[in-house]
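# Structural overview for review
Take a look at the letters that make up each chain.
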Amino acid sequence: MKHIIDPLDLSVDEITELLDVADDIENNPKKYAEICRGKKLATLFYEPSTRTRLSFEAAMLNLGGSILGFSSADSSSASKGESVADTIRVISGYADICAMRHPKEGAPKVASEYATIPVINAGDGGHQHPTQTLTDLLTIRSLKGRLDDLTIGLCGDLKFGRTVHSLIKSLSRYKGIRFVLIAPEELRIPDYIREEVLRANNIPFVEVEKMEEVMPELDILYMTRVQRERFFNEEDYVRLKDSYILDMQKLRAAKPDMFILHPLPRVNEISTEIDNDPRAAYFRQAQYGVYVRMALILKLLELEVKADD
C-alpha cells in the first residue's frame, strides 16, 4: 500500500506515467467513468479549502466512486480532542482511500502510519502540498511541452507557501531547471529548501526582490498570495500583503510564451485585467487538478488505466 505524503514519494518515471494517464483522462473521460464504482474517498479537511477539496471530490465522482468526510475541524471529532491517529483508524473502516488537509506539519504522515488505506497529503501547514505539485507539473508540461530546460520564477510568499516548497523539490529532479525566487527578505524560502534541496543538488537559483528586473528571463511565473493564516501578528501581514502585484505594466516585459500560474485563491496579487491574457493559465491549472487527482486515485487503488489502452 502506497501513500503520497511528500512530492518525492513518486519517482520521476511514476510522475511521467501519472501525467500520461491524466492527459488520457482529459481526452477520454468516458473511458474512466465507472472504474471506481463501489469505492469511497474520505476527505478529511481540518483546514478550509475550496479547490483542493472539491477537486478531490469531483475526481472521485468522475471515476464513478462516492465521497464522505468533513470540511473543517469544527465539524469533526477533532473538536472533542480526538487524535489524528484515532480518526484515521476509524475512517480506514469506512473508506478505501483518504485525502487529508491539516494545519499541523506532519499530520498526514502520522495518519499514514496508522491507516490501513492509502493516505494522500492534501496540504499540511506550510510544509508540503504534493497533489498541487502534480497539478503544477501537468500544467507546465501541457503548456510548454516539457518539464526540463525551464526558468521558473516563484513570486510572493516563499517562506510559508507549501506549494512553492513542493514544486521546488519536484522540479529539482529535472535537468536544466533554474529558479528565480522573488520575495521580500521576510518571505524568502526556508533555509532547508535553499541548502538541502537547491544547493545540495547544484540547482541554479537567484533570489531577488524586484519582479520587473527578472521578468524577461522567465518561462513560467508562479504567483502566490501572502497568507494571512500563516502570520503570528496582523501588523506583519498588513506590511507585506501587497509586496507583489502583477499587472499589465509588469507583464509587458515578459516573453510572449511565458505562462502565469497560481495555486489560488487569488486575493489581489494578480490584477483581474490579466485574466484574459493568453498567458494567464491559473484557471486552466485548477481544471488540470481534477485530472491529476483522478489519475492519482487510480494509481493508489491499483486501478490505473494505461494511457494507450
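Quantities reported herein were computed from a predicted structural model and do not represent experimental measurements.

Counting through the fold element by element, R51 comes out in helix 2 (residues 51-62). Spatially, the C-alpha atom of R51 lies 9.0 Å from that of P263, the residues being 212 residues apart in sequence. Beyond its immediate sequence surroundings of up to four residues, R51 is in contact with P263, L264 and P265.

Per-residue confidence for the chain gives a mean pLDDT of 90, with 88% of residues at or over 70. Confidence, read as mean pLDDT per element, is least for helix 8 (residues 234-240) in the chain (59) and greatest for strand 9 (residues 259-261) (98).

The next subject is unusual backbone geometry. With glycine set apart, most residues show a phi of negative sign, and most peptide bonds adopt trans. Of the consecutive residues L264 and P265, the connecting peptide bond is found in the cis state with omega at 10°. Checked against the element boundaries, P265 lands in the loop between strand 9 and helix 10 (282-300). Topologically, L264 is positioned in the loop between strand 9 and helix 10. Assessed through its relative accessible area of 16%, L264 is described here as buried. Positive phi, close to 60°, is recorded for E302, a residue that is not glycine. Along the polypeptide, E302 turns up in the segment after helix 10. Looking at E302, the relative accessible area reads 66%, which means it is exposed.

Sheets are built from strands paired through backbone hydrogen bonds, the pairs being either parallel or antiparallel. Taken in spatial order, the five strands of this open sheet run 7-6-5-8-9, and their pairing is parallel. Looking at the sheet topology across the chains shown, the edges are occupied by strand 7 (205-208) and strand 9. Here the strands of the sheet are splayed against their neighbours by 20° on average, with no regard to which way each runs. Examined bridge by bridge, strand 5 (residues 150-155) and strand 8 (residues 220-223) share four bridges and lie parallel to one another.

What counts as what
Residues numbered from 1 in each chain as written. Predicted model: local features only at pLDDT ≥ 70, side-chain atom pairs only at ≥ 80, totals over all residues. Heavy atoms only, no water. Helix = DSSP H or I, 4+ residues; strand = E, 2+ residues; numbered from the N terminus. Contact = heavy atoms within 4.5 Å. pLDDT = per-residue confidence, 0-100. Buried < 20%, exposed > 50% of the residue type's maximum accessible area, 1.4 Å probe, protein only. Pairing = 2+ DSSP bridges. Axes fitted to C-alpha atoms, helices over the stretch in contact; angles between N-to-C directions.

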